[in-house]
Amino acid sequence: MIKRSFFSLSGPGFNYDTVEPDLKEPTSIPIPPKLILLVNEPVNPGKKALIKAKSKVTKGQKLCLYSESTEYTVSPISGKIKAVESYSDNIGNLSTYIVISDEKDDKSSSKKSKKSSEKSGASDKLKASDKPDDSKESGDPEEISYDLDESLTSADEFLRMLPGAPPLKQLAAGEGKIDTIVISGVDTDLLSTTRQYVTLKFFDELKKGALLLQKISRASKVFLAIPATLNLPETADTLQVIKISEKYPSALPALILKDHLNMILPQGKSPEDLGVCFVSAEAAVSLARAYKAKTAVFEKILTVIGKGGKAYRVKASIGTPLTRVFKALRIQLNDQDRLIIGGPMRGFATYTVHHPVEASMDTVIVQKQTKITEVSDSACINCGKCIQICPAQVPVNMLVRNLEIAKYEEAADFYDLFSCIECGLCTYVCTAQIPIFQHILLGKHKLLNFKADAEIGDCK
Amino acid sequence: MKNIKLTVSHAPFWHDGDSLFRMNLNIMIAALPAVICGLIQFGGPALGVLALSISSAMAWEYIMAILAKKKSDIGKLDTAVIGLLFGMMLPATAPWWLIIIGTFVAVIIGQTIFGGTGANPFNPTLIGMGILMISWKTFFDFNAAYVNYSFDYSHLAPLSAIKQFGASAAADFPITNLIMGQQVGAIGSTFGLGLIIGGIYLILRGYIRWEITLSFIAGIILTALCFNLANPEQYAGPMTHLFSGYTLLGAFFLLPENSSSPVNRIPMLIYGLLAAIMIILMRNIGVYTDGTVLAILLVNLINPIIDTIKPKALGKGASHA
């Protein structure tokens, strides 16, 4: 952790970490017998579930919770569903864990017919080229291949959960409106070097993926954003390269838009509203691979930071519980340590070591109990450090006063809550140790919920 | 790794390690050079005044926390700083009851009733000082305060001498004397060099905002120079004003008090400048010998209004583009 320097007239100057020049081979984590998948949809006991415990799944099979679900996940192994559980993230959003075990189908099971009917229910929506049921009966090593054509709908149908989490849903929703695609080879948080690593290591596939993305989204421009310190192995051909300053937080989408594309992101809008879509380098690589193999790929590259600050590069299948990763790297977690998904400035802390490797997960940090910083319930003392450091010129001192007393609407209307680009610097420098970033995220979450509720009310 | 109980909290997971305790401790350290010089100059009574001032300020806070059934923030040293600055502004001969009443007003009326640390619209030290100066004027007459002392320099406080005898009196107070603490005044306000060293320390450590201090000093020099040029016989030069009275204490310790001062750059410059103009106006035209206390309280009042001059936030107003 970087402490306040003795002389701190200008505030902390964080630089993004740069990937090691010799690109070390990642530690490969074998696919464990039990995988955990996250579906971004809450468990709803009122609806008829398509997947239940003991249903069979095939590698590459798309799993939806309910027949009308739009969210899905894809099973990286063939096996059985062990459990379906509710999961709540740090802000209270509910989603679902699906636990899959690779145990082989024991043919003695008396409930076979029932299971297969459930399973076929789960795969109703699959436009699979070969029929999973048939392959199951023949006992072949199963893997579903997809009937992919070069359209966004088709890609979104199957490939949303690829490593790197390609924003196919957003692309499909804004089809025809997305004009620019930015392939992001810059890591958005400190300590992480995953995206830079992927950019350098798999540059050929990245170029293919970028072409593919351009073709399916019909975007007119494709940029590749890389750190200013990084040298590409070869020319980027059709890709226009933009070099991002190494100073944190210049790799955040809103700042890339402002500094390099001459666009100001309006308050509360997403880059997609401006016709720009940010895609991680790994997502482009995965897309190229998936189209080549005609099936989903699951290998995710991670940067894991151990307790002493040592960085490891890891290759693991999506769904691998993190405890497996720690075991392979011999990282010992103890009570009251902190397990951070994402970087030190913008990540979130999870409550379970069994949290799975997710498609969008670039960094995992283990923080020792003694390194955990305190937060306090002190009031803002108006020292102005946050104002000095805020890259979006948000009046943080007034904002936090309103957020603390739950005046979310005032915060948004008068104190620029939605200008916040979520870099976390204000909280890093806060002398009163106020969890400002938490207040901001909560405020945004509450307001978006109010808005959603109001829209539902209008419909009624 | 079965059931490990992890710590869960929110991003960011790093902090620069700063805290209210550290900030206040640094302010107290920065005040030390001036305080030590004051103690050497005025001896034991000065030590008594400072000790009583700091301890009573902290005690008032503690008593209020008990009465309000709240957790006491005494460990954050916030009231210790109020007490220290309050003591530094008193003459070494201040009676004990004056100090206790003063810290009561400063801590409780100046800060606690507004909601504690960070909620005070005025500098709490100056609220205490302002009320005392109006109520018991005689104790703040520095000429009278030190009649029993013998100094090897002028027994007159520079500002009152100028007020009474005009700018010619400034000749009795060479600038080097004023900087090196060879003047009569409050315990912590006489050693100009010490205050400057402490102030620069605070600026470099990032605990006070240099814009306020710089524009204040520039304002003092400019305004005093204008008066001096207009009538050199009546109005003393800028340096005399800068190094006498509470001016430097105000520039580095009182005016940049966090809660009562602006945080945006342009408002900070306006704020410092206005305070400086008010001080020189009060000294040269008003009835008070040293207007620092009232001038700063006055600009504290306009702080919320000028602090609305702020840069446009990213994406503001572009929402309908």
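Residues numbered from 1 in each chain as written. Chains lettered and ligands numbered in written order. Predicted model: local features only at pLDDT ≥ 70, side-chain atom pairs only at ≥ 80, totals over all residues. Heavy atoms only, no water.

J.: Explain the overall build of chain A to me, please; I cannot follow it from the model alone.
T.: When helices and strands are tallied, chain A shows 14 helices and 16 strands. In chain A, buried positions account for 56% of the 460 residues. Put simply, 68% of the contacts in chain A that link residues at least 6 apart link residues at least 24 apart. Carbon together with sulfur atoms contributes 51% to the accessible area of chain A, which is approximately 19900 Å² in total. (Helix = DSSP H or I, 4+ residues; strand = E, 2+ residues; numbered from the N terminus. Buried < 20%, exposed > 50% of the residue type's maximum accessible area, 1.4 Å probe, protein only. Contact = heavy atoms within 4.5 Å. Areas by Shrake-Rupley, 256 points an atom, 1.4 Å probe, with all protein chains shown as cover.)

J.: Please clarify how the overall build of chain B should be interpreted in this entry.
T.: Counting its secondary structure elements, chain B contains 14 helices and zero strands. Each helix (α) and strand (β) of chain B, taken in turn from the N terminus, gives the series α-α-α-α-α-α-α-α-α-α-α-α-α-α. Taken over the C-alpha trace, chain B has a radius of gyration of 21 Å; the compact-globule value for 321 residues is 20 Å, and the two agree within 12%. Projecting the C-alpha coordinates of chain B onto the three principal axes gives extents of approximately 80 × 55 × 35 Å. (Rg over C-alpha atoms; globule rule 2.2 N^0.38 Å.)

J.: Quick question: what am I supposed to make of the interface of chain A and chain B here?
T.: A common way to report how large an interface is uses the accessible area buried once the components associate. With 79 residues of chain A in contact, the opposing surface of chain B contributes 48 residues. In total, about 5400 Å² of surface goes out of reach between chain A and chain B, with carbon and sulfur atoms giving 59% of it. Counting across the interface, chain A meets chain B through 22 residue pairs in polar contact (both at pLDDT 80 or more). Among the elements of the structure, α7 (253–260), α9 (322–329), β14 (338–341), β15 (348–350), α10 (385–389), α11 (396–404), α13 (425–429) and α14 (436–459) of chain A are those that each provide at least two residues to the side of chain A that touches chain B. Class assignment of the residues belonging to the side of chain A that touches chain B gives a composition of 41 nonpolar, 25 polar and 13 charged. (Buried area = accessible area lost by both parts, 1.4 Å probe. Polar contact = N/O pair within 3.5 Å; in protein donor to acceptor, adjacent residues only side chain to side chain. Nonpolar A, V, L, I, M, F, W, Y, C, P; charged D, E, K, R; others polar.)

J.: Honestly, the sheet that holds strand β6 (residues 79–88) of chain A in this entry has me stumped. Any pointers?
T.: Paired through their backbone hydrogen bonds, the strands of a sheet run either parallel or antiparallel. All names here are of chain A. Spatially, β2-β7-β6-β3 is the arrangement adopted by the four strands of the open sheet, whose pairing is antiparallel. With one partner strand each, in any of the chains shown, β2 (34–39) and β3 (56–57) form the two edges of the open sheet. Alignment of β2 against strand β7 (residues 94–101), held across six bridges, turns out to be antiparallel. Paired with Leu-38 across the strands is Tyr-97, a residue of β7. (Pairing = 2+ DSSP bridges.)

J.: Even after reading the chapter, I still don't get the packing of aromatic side chains, so can you show me in this structure?
T.: Note on aromatic pairs: each is described by the distance of the centres and the angle between the planes. Residue and element names in this part refer to chain B. All told, the structure shown has 20 aromatic pairs over all chains when counted by the stated rule. With centroids separated by 6.0 Å and ring planes inclined at 90 degrees, the aromatic side chains of Phe-42 and Phe-151 adopt a geometry described as edge-to-face. Taken together, the residues span a long stretch of sequence, with Phe-42 in helix α1 (residues 20–42) and Phe-151 in the loop between α6 (142–145) and α7 (158–165) at a distance of 109 residues. Judged by relative accessible area, Phe-42 falls into the buried class, the value being 2%. Using a relative accessible area of 14% as the deciding quantity, one classes Phe-151 as buried. Plain terms: the ring middles of Phe-142 and Tyr-246 are 6.5 Å apart, the flat faces sit at 85 degrees to each other, and that makes the pair edge-to-face. Of this pair, Phe-142 sits in helix α6 while Tyr-246 sits in the loop between α11 (238–242) and α12 (247–254), and the two are 104 residues apart along the sequence. Judged by relative accessible area, which is 15%, Phe-142 ranks as buried. (Phe/Tyr/Trp six-rings, centres within 6.5 Å; stacked < 30°, edge-to-face > 60°.)

J.: Got a minute to help me understand the pairing of strand β8 (residues 180–184) of chain A in this structure?
T.: If a strand is regular, its side chains alternate between the two faces of the sheet. Residues and elements named next belong to chain A. The buried count for β8 comes to five of five residues, which makes it a mostly enclosed element. What you see with β8 is no split at all: Thr-180, Val-182 and Ser-184 on one side and Ile-181 and Ile-183 on the other are buried throughout. Two elements, β8 and strand β11 (residues 276–280), share five bridges in a ladder whose sense is parallel. Each residue of the ladder has a partner; that of Thr-180, found in β11, is Val-276.

J.: Explanation requested: the environment of Thr188(A) in the structure shown.
T.: All names here are of chain A. Within the element layout of this structure, Thr-188 appears in the loop between β8 and α5 (194–201). Measuring from C-alpha to C-alpha, the distance between Thr-188 and Tyr-16 comes to 8.3 Å, with 172 residues separating the pair along the chain. If near-sequence neighbours (up to four positions away) are discounted, Thr-188 is found in contact with Tyr-16, Arg-195, Tyr-248, Ala-251, Leu-252 and Arg-346.

J.: Even after reading the chapter, I still don't get the nonpolar core, so can you show me in this structure?
T.: In globular proteins that are soluble, nonpolar side chains generally tend to be buried together. With 145 residues, the main nonpolar core has Met88(B), Leu90(B), Tyr146(B) and Phe253(B) as its most contacted residues. Per element, the largest residue contribution to this core is nine residues, and it comes from α1(B). Contacts of Tyr146(B), omitting those with residues within four sequence positions, involve Phe42(B), Pro91(B), Ala92(B), Phe151(B), His155(B), Val184(B), Gly185(B) and Ala186(B). Counting 48 residues, the second-largest nonpolar core is a separate cluster that includes Ala155(A), Ala284(A), Leu287(A) and Ala296(A). (Core = buried A, V, L, I, M, F, W, Y, C linked by side-chain atoms within 4.5 Å.)

J.: What is the right way to read the sheet that holds β11(A) from this model?
T.: Residue and element names in this part refer to chain A. One open sheet accounts for four strands, arranged β10-β9-β8-β11; its pairing is parallel. Each edge of the open sheet is held by one strand with a lone partner, namely β10 (240–244) and β11. Put simply, the sheet's adjacent strands are angled 25 degrees from each other on average, direction ignored. As judged from the five bridges shared by β8 and strand β9 (residues 221–227), these two strands associate in the parallel manner. Residue pairing in the sheet places Ile-183 in a bridge with Leu-224 of β9. Packed onto the sheet, α7 meets β9, β10 and β11 and runs at close to 110 degrees relative to β10. Strands in contact with helix α8 (residues 281–293) are β8 and β11; relative to β11, the strand with the most contacts, it is inclined by about 75 degrees. (Axes fitted to C-alpha atoms, helices over the stretch in contact; angles between N-to-C directions.)

J.: For this particular structure, what's the right way to read the packing of helix α6 (residues 203–217) of chain A against α8(A)?
T.: Helix packing geometry: the angle between the two helix axes and the distance between the axes. Residues and elements named next belong to chain A. For the pair α6 and α8, the least separation of the axes is 7 Å and the interaxial angle reads 80 degrees. The orientation of α6 with respect to α8, classified from their angle, is roughly perpendicular. Along the contact surface, α6 presents Glu-205, Leu-206, Lys-208, Gly-209, Ala-210, Leu-212, Leu-213 and Ile-216, while α8 presents Ala-281, Ala-284, Val-285, Leu-287, Ala-288, Arg-289 and Tyr-291. Across the contact of α6 with α8, the residue classes tally to 11 nonpolar, one polar and three charged. (Parallel < 35°, antiparallel > 145°, perpendicular 65-115°, else oblique.)

J.: In this structure, what is going on with empty space enclosed by the protein? I would like to understand it.
T.: Gaps left between atoms show up when a probe the size of a water molecule is rolled over them. All names here are of chain B. In this structure the tally under the stated criterion is seven cavities of 30 Å³ or more. For the largest cavity, the calculated volume is near 280 Å³. In this structure, the largest cavity is lined by 24 residues; those nearest its centre are Asn-24, Ile-27, Val-81, Glu-257 and Asn-258. At the level of elements, α1, α3 (78–88), α5 (124–135) and α12 are the ones that each hand at least two residues to the lining of the largest cavity. In terms of residue count, the dominant contributor to the lining of the largest cavity is α3 (four residues). Class assignment of the residues belonging to the lining of the largest cavity gives a composition of 13 nonpolar, nine polar and two charged. (1 Å grid on protein atoms, 1.4 Å probe; cavity = no way out; pocket = protein on both sides within 12 Å on 5 of 7 lines; lining within 4 Å. Points joined across faces, edges and corners; volume = space filled by probe spheres on them.)

J.: Explanation requested: the confidence of the model for chain B in the structure shown.
T.: Predicted coordinates in regions of low pLDDT should not be interpreted in detail. The predicted model of chain B has a mean per-residue pLDDT of 89, with 98% of residues at 70 or higher. Here the predicted complex carries an ipTM of 0.89, next to a pTM of 0.88. (pLDDT = per-residue confidence, 0-100.)

J.: Teacher, can you tell me more about α7(B) here?
T.: An α-helix turns once per 3.6 residues; consequently, residues spaced three or four apart project the same way. If you check which residues of α7(B) are buried, you get Pro158(B), Leu159(B), Ser160(B), Ala161(B) and Ile162(B). Buried residues belonging to α7(B) abut α6, α8 (175–179), α11 and α13 (265–284) of chain B.

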